[in-house]
Amino acid sequence: MEHKLNIETWDLKRAKEKTAQALIGAVHSSGGLSLRFSAFVFKLQTVTNTILERDLWEGFPSSVTPDYTSFQLWDSLQGLSTYIRTMLSTQALLGAIGVGEKSATVIGATFQWFLRDLTGMLGGILFTFYQGSNLDSNAKMWRLVADLMNDLGMLMDLVSPLFPSAFVFIVCLGSLSRSFTGVASGATRAALTQHFALQNNAADISAKEGSQETVATMIGMALGMLLAHLTMGHSVAIWFSFLSLTVFHMYANYKAVRCLSLTTLNNERSSIVLMHYMETGQVLSPKQVSTMEHVLPLWITSWGSKKVKFLHPRVYLGLRISSLDSLNMADLIRYAGSHYKKAKYVLYEKKGIVSIVMHKESTAADVLQAFMHALVMANLIEKYKSAHSESQSWMDKHYEDLMLKLQSSGWKSERLLTPSIVWRANWTCSKGNRK
């Protein structure tokens, strides 16, 4: 009598994937029990998974957000085109410095390279000082701007040999442009890595992305060297290759940031969500909002769409009290004592612009509530004369429901991604005295 036992092994990191299967036959006889393997089949996927695990994070794809795969594909393609163009621009730059010419001096080339690097370092410091706090809140836009500045920097390197008298100036401009790229790209990459990590595996994702980028760099350098060799001495071919790859690079970057469905609330995403909620009573999902938000500066995208209504440009967060005159200060005190007794913020409206004064003890949740309240007021100013009363009434009725629907739709409603609030104020309200 023979009994067959089917044994399967499962990878616990991928609960839906069977990695191996064994079929064992057990035969009873007078001599006892004997076992024999009748089949042992390995799936091809087992071998594939073993290889991919070296460059993919643990638990993929359940450990990352759904938008990562498409983003990484376009990001790798744009990176590949960058490394190919780098070989062309570097070749032109080295030729302009004097590599291969007998008349060139080592000290002269060293000095020119030193000025180039120094300009880039100073540019990076200045860019961080002026825009560092704004990178998290507009990660998509700065990611795209960073690569655009990188394109401009490489273009300057390629152009520099055509103007020998202004060579150092042009090269320094290119280095300055790339310095912005380094700061913005690094900062936004950190923000996006936190977005992609679903199981507190940001470090694993970052490390594996570095490995993938290294592979793309090696392939890009090899293709770049081949292209540089084939186009050497042919200016038209060099410029055609460079410009074609630049156009593709910009397109791939645009597609990459368009793939992102960020779940954090910044100024624009908050405005889009609130406008739709006030009209329909429903909250849009992060994926729906991602198709509506802008990945370029608002002044560029709104140039051809004058009729589109934007609320967030009409809201100013972090008003400085000392900038108000005595009349405006009196109005602000009156608002604080009447409409915002229990709130950790005060709204002040003038000429259609709603300014927010945050209390020094306000929390991240207070900042989000204040910004939402200001958006509501900005939307109601044209309809009602008493915008403070109407907006406060709307907040009392709908704000809690809005927060619950945001959470159920997949939004992170704990805080608002916004540049640092430099100016805050302190005030107390009482029946007998308002201060």
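Quick caveat, the model's predicted, so the values are computed rather than measured.

Draft legend 1. Structural context of the confidence of the model for the protein. Averaged over the protein, the pLDDT score is 79; the fraction of residues at 70 or greater is 77%. Within the protein, the element-level pLDDT minimum falls on strand β3 (residues 32–42), averaging 47, and the maximum on helix α8 (residues 267–280), averaging 93. Scored below 50 in pLDDT, residues 37–44 makes 14 contacts in the model with residues more than four places away or belonging to other chains. Segment residues 303–307 is flagged for pLDDT under 50; beyond a separation of four residues in sequence, or across chains, it makes zero contacts in the model.

Draft legend 2. Up close: the side chain of serine 290. Within the secondary structure, serine 290 is located in helix α9 (residues 286–290). Judged by relative accessible area, serine 290 falls into the buried class, the value being 3%. Non-local contacts of serine 290, meaning those with residues more than four positions away in its chain, are made with Lys140, Arg258, Leu260 and Ser261.

Draft legend 3. Examining the pattern of salt bridges more closely. What the rule picks out here adds up to nine salt bridges. Close ionic contact of aspartate 117 with arginine 116 constitutes a salt bridge, the shortest N to O distance being 3.5 Å. The exposure class assigned to aspartate 117 is partly exposed, which follows from its relative accessible area of 32%. Overlapping salt bridges, with partners in common, bring together Asp75, Arg143 and Arg189 in one network.

Draft legend 4. Geometry of the packing of aromatic side chains. Taken as a whole and assessed by the stated rule, the structure comprises seven aromatic pairs. Between phenylalanine 127 and tryptophan 142, the aromatic rings sit 5.5 Å apart at their centres with planes inclined by 75°, giving edge-to-face as the arrangement. Placement of phenylalanine 127 in helix α3 (residues 106–131) and of tryptophan 142 in helix α4 (residues 139–159) is noted, with a sequence separation of 15 residues between them. An identical accessibility class is assigned to phenylalanine 127 and tryptophan 142; each is buried. On the basis of an interplanar angle of 80° and a centroid distance of 6.4 Å, the ring pair of tryptophan 239 and phenylalanine 242 is categorised as edge-to-face. In this pair, tryptophan 239 and phenylalanine 242 both sit in helix α7 (residues 235–259), three residues apart, roughly one turn of the helix. A residue is classified by how much of its surface remains accessible, and tryptophan 239, at 26% relative accessible area, is partly exposed. Using a relative accessible area of 1% as the deciding quantity, one classes phenylalanine 242 as buried.

Draft legend 5. Fine view of helix α6 (residues 202–231). Under the 1.5 Å per step criterion, the end-to-end length of α6 is 42 Å for 30 residues, consistent within 8% with the ideal 44 Å. If you check which residues of α6 are buried, you get Ala202, Ile205, Lys208, Glu209, Gln212, Ala216, Gly220, Gly224, Leu227, Ala228 and Thr231. Glycine 233 occupies a position one or two residues after α6 and carries a positive phi of about 85°.

Draft legend 6. Region of the structure containing the sheet that holds strand β7 (residues 353–358). Reading across the sheet, the three strands line up as β5-β7-β6 and stay open at both edges, with mixed pairing between neighbours. With partners counted over all chains shown, the strands left at the sheet margins are β5 (315–317) and β6 (345–350), one partner each. The average undirected angle you get between the axes of adjacent strands in this sheet is 20°. Looking at chain direction, β5 and β7 are connected through three bridges and run parallel. By the bridge assignment, tyrosine 316 is partnered in β7 with serine 355.

Draft legend 7. Expanded view of the side chain of histidine 249. Relative to the elements of secondary structure, histidine 249 occurs in helix α7. Within the structure, the side chain of histidine 249 is placed 2.8 Å from the side chain of glutamine 78, a separation counted as a polar contact. Once residues lying within four places of it in the same chain are set aside, the contact partners of histidine 249 are Gln78, Ser81, Thr82, Arg85, Asp147 and Asp151.

Criteria and cut-off values
Residues numbered from 1 in each chain as written. Predicted model: local features only at pLDDT ≥ 70, side-chain atom pairs only at ≥ 80, totals over all residues. Heavy atoms only, no water. pLDDT = per-residue confidence, 0-100. Helix = DSSP H or I, 4+ residues; strand = E, 2+ residues; numbered from the N terminus. Contact = heavy atoms within 4.5 Å. Buried < 20%, exposed > 50% of the residue type's maximum accessible area, 1.4 Å probe, protein only. Salt bridge = Lys/Arg side-chain N within 4 Å of Asp/Glu carboxyl O. Phe/Tyr/Trp six-rings, centres within 6.5 Å; stacked < 30°, edge-to-face > 60°. Expected span 1.5 Å × (residues − 1). Pairing = 2+ DSSP bridges. Axes fitted to C-alpha atoms, helices over the stretch in contact; angles between N-to-C directions. Polar contact = N/O pair within 3.5 Å; in protein donor to acceptor, adjacent residues only side chain to side chain.

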